[in-house]
Amino acid sequence: MRTSRTLRTATALLGAVALTVPLAACSGSSQEAVAGGDAIVRVPGTEPQQGLIPAMTNENGGGRVVDMLYSGLIYYDADGEAHNEMAESIDKEGEKTYKVTLKPDITFSDGTPVTAATFVDTWNYAVANEQLNESFFSSIKGYGEGVKEMEGLKVLDDRTFTIELTQPESDFPSRLGYNAYFPLPPEALDDPQGFGENPISNGPYRLKEWNHNQNIVLEPNPEYGGDRTPKNDGLEFVFYADSGASYMDLLSNNLDVLEAIPSSAFGNYEQDLGERQETKPAATYLEMSIHVDTPHFSGEEGTLRRRAVSMAINREEIAKTIFHGTRTPAREFTSPVLTGYSDSLPGSENLDFNPEEAKKLWAEADKKYGAFEDTFPINYNTDGDNKDWADAVANSISNTLGIRAVGNPYPDFKSFREAYRAERMDGAYRTAWFADYPSMGNFLAPNFTTGVASNDSKYSNPEFDELIVKANGANSPEEAAKLYNQAQELLLRDLPAIPLFYPNVVGGWSENVSNVTFNWKSLPVYYEIEKTVQ
């Protein structure tokens, strides 16, 4: 992605843990600052899909807020290295068991103690109520959909509990900084819907205001007991309908940090911002998914047409003309910054621009299964700077295959996501992944394992599922990477989603802030940003 340092990888993360062990109108943002803090840092966001409950949050709009409201056993620094947060230590006891000791005297923002039972009760609740992120607990002994209490979780005392897994998994502690594992107070389990609208936090910030479809305002949490102490007076997540408007607000110092400069500004942002910008790699990738039940895209016919569509996309040209080289054409389903990445896996040729082969495959499908006479939409949300690439991809497909492919916009991320989650969305639809923890497995298991919440295409392949289980139980990162890449070979063959690009962080900041860093998964390190009051 950028010009700065290389990210540390999952190996560094595991080592750190082992020592003792993450639409509204275009806001009136350019008008006036939120009252109650002179140094509130203003950043872009999107309306969360639902209440701010960690195990129910698996999308970026809510995720970035949840990460600031709550704290887990560990957290990830800007380079992706793990540090204890609520945990004093995470010690291995035998091949499959970890003993967790919490720091003393940690509380939620209302003074409620955070105890070992808090973690165990929250995790059991997530599984028992089949919350969106419940699959992240599948490694724990006794896990099963709807199970009320997992056998592998035992409270020893107020500060100590144990986690027994179903098999040895060397990287399990490294996952515990993801928001699925954040604790909740008892009242959240009694009324999750009400709590999600007005949560009590244990993280660096607490909720001050949530003006739906407009903004979310956070203020420092005086009860926070970890290392991510805010260096500002709070955060305001401003919801923009258009990424161009956010960039204009950045230039006029009405927005403080923008981690995704819009493609329309790629030709001039370096001149506009001078030293107030950064470009570097991150653990993210962009794809377009196709539901397995989409007409003409299931079974053998679907295999032919998916490969044809993929080979009809000139990723190199789009990266050059639309993104000015700030995105790299994808070669698989994870990220080049992760240990184990390979750009030449068997099946990666399906991601090459190969118009002749694309036409041949499409014609074969037409001959066997009947001519494709439908429009092929590429669905996307307009508040995420997706229009230019979606239109370019559609044009490439149309010109190559001789069909009518078009970009199909939704007004905001929330409505777009609700649409493709509620029912099958025909054609392709923009999906992307920000890593939860630095591992290839985090890109593969949550997105393509049978039945998990983020499996947007509804792909199901028992062979893939088995390889993921084996990789999770591998004895070394190298062995795990080999198995993950074998699983990717199946994805490259079946193409439940079509990988497009690896986005770089292309970020900038206003004249009012300093100490701005973009982390290993492309987001600002919010709590470290300092703001000068004019």
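Keep in mind the model is a prediction, meaning the values are calculated, not measured. (Residues numbered from 1 in each chain as written. Predicted model: local features only at pLDDT ≥ 70, side-chain atom pairs only at ≥ 80, totals over all residues. Heavy atoms only, no water.)

Peer 1: What's the story with the overall build of the protein chain in this structure? I'm lost.
Peer 2: Across its full length, the protein chain holds 15 helices and 21 strands. Taken against the 2.2 N^0.38 rule, which gives 24 Å for 534 residues, the C-alpha radius of gyration of the protein chain at 23 Å falls within 12% of a compact globule. By its C-alpha atoms, the protein chain is 70 × 55 × 40 Å across when sized along the principal axes. Buried positions account for 61% of the 534 residues belonging to the protein chain. Here the protein chain displays about 19,900 Å² of accessible surface, and carbon together with sulfur accounts for 45% of that area. Measuring between centres, the 44 positive side-chain charges of the protein chain sit 4 Å from its 80 negative side-chain charges. (Helix = DSSP H or I, 4+ residues; strand = E, 2+ residues; numbered from the N terminus. Rg over C-alpha atoms; globule rule 2.2 N^0.38 Å. Buried < 20%, exposed > 50% of the residue type's maximum accessible area, 1.4 Å probe, protein only. Areas by Shrake-Rupley, 256 points an atom, 1.4 Å probe, with all protein chains shown as cover. Lys, Arg positive; Asp, Glu negative; His and termini not counted. Charge placed at Lys NZ, Arg CZ, Asp CG, Glu CD.)

Peer 1: Just checking my understanding: could you explain the sheet that holds strand 9 (residues 215-220) for this structure?
Peer 2: The strands making up a sheet associate through backbone hydrogen bonding, with each pair oriented either parallel or antiparallel. Strand order across the open sheet formed by 4 strands is 1-10-9-8, with mixed pairing between neighbours. Each of the sheet's edge strands pairs with one partner strand only, and the pair in question is strand 1 (40-45) and strand 8 (205-211). The average angle at which neighbouring strand axes cross in this sheet is 20 degrees, direction not considered. Relative to strand 10 (residues 234-239), strand 9 runs antiparallel, the two sharing 4 bridges. Looking at strand 10, one finds that Ile 216 is bridged to Phe 237. (Pairing = 2+ DSSP bridges. Axes fitted to C-alpha atoms, helices over the stretch in contact; angles between N-to-C directions.)

Peer 1: For this particular structure, what's the right way to read the packing of helix 14 (residues 462-472) against helix 15 (residues 477-494)?
Peer 2: Pairs of packed helices are described in terms of their axes, by the angle between the two and the distance that separates them. Two numbers describe how helix 14 lies on helix 15: the axes approach to 8 Å, and their chain directions differ by 165 degrees. By the angle between their axes, helix 14 is roughly antiparallel relative to helix 15. Regarding helix 14 and helix 15, the two cross each other, and that crossing is left-handed. Across from Glu 463, Phe 464, Leu 467, Ile 468, Lys 470, Ala 471 and Asn 472 in helix 14, the residues of helix 15 making contact are Ala 480, Leu 483, Tyr 484, Gln 486, Ala 487, Leu 490 and Leu 491. Class assignment for the residues of the contact of helix 14 with helix 15 results in 10 nonpolar, 2 polar and 2 charged. (Parallel < 35°, antiparallel > 145°, perpendicular 65-115°, else oblique. Left-handed = near helix turned anticlockwise from the far one by under 90°. Contact = heavy atoms within 4.5 Å. Nonpolar A, V, L, I, M, F, W, Y, C, P; charged D, E, K, R; others polar.)

Peer 1: Where do I start with the UniProt feature "domain: Solute-binding protein family" (unreviewed entry) in the protein chain in this structure?
Peer 2: UniProt's feature table lists "domain: Solute-binding protein family" (unreviewed entry) at residues 83-452, given in the numbering used throughout. Note that residues 83-452 is 29% helix and 21% strand, and that its end C-alpha atoms are spaced 28 Å apart. (UniProt positions renumbered as here; feature names shortened; annotations may be inferred.)

Peer 1: Explain the confidence of the model for the protein chain here, please?
Peer 2: Do not read the predicted coordinates in detail wherever pLDDT is low. Of the residues in the protein chain, 93% reach a pLDDT of 70 or more, and the chain-wide mean stands at 90. In the predicted structure, residues 1-36 sits below a pLDDT of 50 and forms 109 contacts with residues beyond four places in sequence or in another chain. (pLDDT = per-residue confidence, 0-100.)

Peer 1: It is not clear to me how the packing of aromatic side chains should be interpreted in this structure. Could you clarify?
Peer 2: Given two aromatic rings, their pairing is described by the distance between the two centres and the angle made by the two planes. All chains considered together, the criterion is met by 27 aromatic pairs. Aromatic side chains Phe 237 and Tyr 526 sit 5.3 Å apart centroid to centroid with 75 degrees between the ring planes, which places their arrangement in the edge-to-face category. In this pair, Phe 237 sits in strand 10 while Tyr 526 sits in the loop between strand 20 (513-514) and strand 21 (530-531), placing the two residues 289 residues apart along the sequence. Consider the rings of Phe 266 and Tyr 269, whose centres lie 6.3 Å apart with planes at 65 degrees: the pair is edge-to-face. Just as Phe 266 is buried, Tyr 269 falls in that class too. If you follow Arg 305 out to its NZ or CZ, it ends over the ring of Trp 362, 4.4 Å from the centre. (Phe/Tyr/Trp six-rings, centres within 6.5 Å; stacked < 30°, edge-to-face > 60°. Lys NZ or Arg CZ within 6 Å of the ring centre and 35° of its normal.)

Peer 1: Honestly, the pattern of salt bridges in this entry has me stumped. Any pointers?
Peer 2: It is possible for side chains of opposite charge to pair when their charged atoms get near one another. Applying the stated criterion across every chain, the model contains 21 salt bridges. Here Arg 305 ties to Glu 301 by a salt bridge, and the two come within 2.9 Å at their closest N and O atoms. Note that Arg 305 and Glu 301 are positioned in helix 8 (residues 299-311) at a spacing of 4 residues, about one turn of the helix. Each of Lys 141, Glu 151 and Glu 164 takes part in a single network of salt bridges with overlapping partners. (Salt bridge = Lys/Arg side-chain N within 4 Å of Asp/Glu carboxyl O.)

Peer 1: Is there a simple way to think about the sheet that holds strand 4 (residues 87-92) in this case?
Peer 2: Spatially, the 4 strands line up as an open sheet ordered 4-5-7-6, and their pairing is antiparallel. Strand pairing shows two members of the sheet lacking a second neighbour, strand 4 and strand 6 (153-157), which therefore form its edges. Averaged over all pairs of adjacent strands, the angle between their axes in this sheet comes to 20 degrees, without regard to strand direction. Along the sheet face, helix 3 (residues 116-128) touches strand 5 (97-102), strand 6 and strand 7 (160-164) and points at about 165 degrees away from the line of strand 6.

Peer 1: It is not clear to me how the side chain of Arg 327 should be interpreted in this structure. Could you clarify?
Peer 2: Here Arg 327 is to be found in strand 14 (residues 327-329). Buried within the structure, Arg 327 lacks any salt-bridge partner; Asp 385 is the closest side chain of opposite charge, at an N-O distance of 5.1 Å.

Peer 1: I tried to follow the domain arrangement of the protein chain on my own but got confused; where do I start?
Peer 2: Quite often, the size of an interface is put as the accessible area lost when its parts meet. What the domain assignment reports for the protein chain is domain 1 (70-186) and domain 2 (284-504). With centres defined by C-alpha atoms, the gap from domain 1 to domain 2 works out at 32 Å. Contact residues are listed per partner, giving 13 residues for domain 1 and 14 residues for domain 2. Of the roughly 1,100 Å² buried between domain 1 and domain 2, counting both surfaces, carbon and sulfur atoms make up 55%. Across the domain 1-domain 2 interface, the total number found is 0 salt bridges. Connecting domain 1 to domain 2 are 1 residue pair in polar contact (both at pLDDT 80 or more). Residue composition of the side of domain 1 that touches domain 2, by class: 5 nonpolar, 5 polar and 3 charged. (Domains from an automatic or database assignment. Buried area = accessible area lost by both parts, 1.4 Å probe. Polar contact = N/O pair within 3.5 Å; in protein donor to acceptor, adjacent residues only side chain to side chain.)

Peer 1: Would you explain the pairing of strand 16 (residues 405-410) in this entry?
Peer 2: The side chains of a regular strand alternate, first on one face of the sheet and then on the other. Where strand 15 (residues 376-381) meets strand 16, 6 bridges bridge the pair, whose relative direction is parallel. Paired with Ile 378 across the two strands is Gly 407, which belongs to strand 16. With helix 11 (residues 387-401) bridging strand 15 and the parallel strand 16, this β-α-β connection has right-handed handedness. (Right-handed = clockwise from strand over helix to strand, strands pointing away.)

Peer 1: Where do I start with the nonpolar core in this structure?
Peer 2: Across soluble globular proteins, you tend to see nonpolar side chains buried next to one another. Of all hydrophobic cores here, the largest spans 106 residues; its most connected members are Leu 73, Trp 123, Phe 161 and Leu 218. Residue-level mapping places this core at the junction of two domains, with at least three residues from each of domain 1 (70-186) and domain 2 (284-504). Not counting residues within four places of it along the chain, the set of residues in contact with Trp 123 comprises Leu 73, Phe 137, Ile 140, Met 150, Leu 153, Phe 161, Ile 163, Leu 176 and Tyr 181. Of all hydrophobic cores here, the second largest spans 48 residues; its members include Tyr 240, Leu 258, Ile 290 and Ala 394. (Core = buried A, V, L, I, M, F, W, Y, C linked by side-chain atoms within 4.5 Å.)

Peer 1: What should I look at first to understand helix 12 (residues 413-422) in this one?
Peer 2: Given 3.6 residues per helical turn, the α-helix brings residues three or four places apart onto the same face. Within helix 12 the residues assigned to the buried category are Phe 413, Phe 416, Arg 417 and Tyr 420. Each buried residue of helix 12 sits inside an arc of 95 degrees when the element is viewed along its axis, so together they form one side. Among the structural elements, helix 2 (60-69), strand 15, strand 16 and strand 17 (428-434) are those in contact with the buried residues of helix 12. Capping the start of helix 12, Asp 412 holds a side-chain oxygen 3.2 Å from the backbone nitrogen of Lys 414, two or three residues further along. (Arc of directions from axis to C-beta.)

Peer 1: Can you walk me through a negative patch on the surface in this structure?
Peer 2: Where like charges cluster on the molecular surface, the negative patch consists of Asp 110, Glu 187, Asp 190, Asp 191 and Glu 223. Its place among the elements puts Glu 187 in helix 4 (residues 186-190). (Patch = residues over 30% accessible without salt bridge, like charges linked within 9 Å, V, L, I, M, F, W, Y side chains within 5 Å.)

Peer 1: So what exactly am I meant to see when it comes to the environment of Pro 503 here?
Peer 2: Relative to the elements of secondary structure, Pro 503 occurs in strand 18 (residues 497-503). Pro 503 sits 173 residues away from Ala 330 along the chain, and the two C-alpha atoms are 9.3 Å apart.

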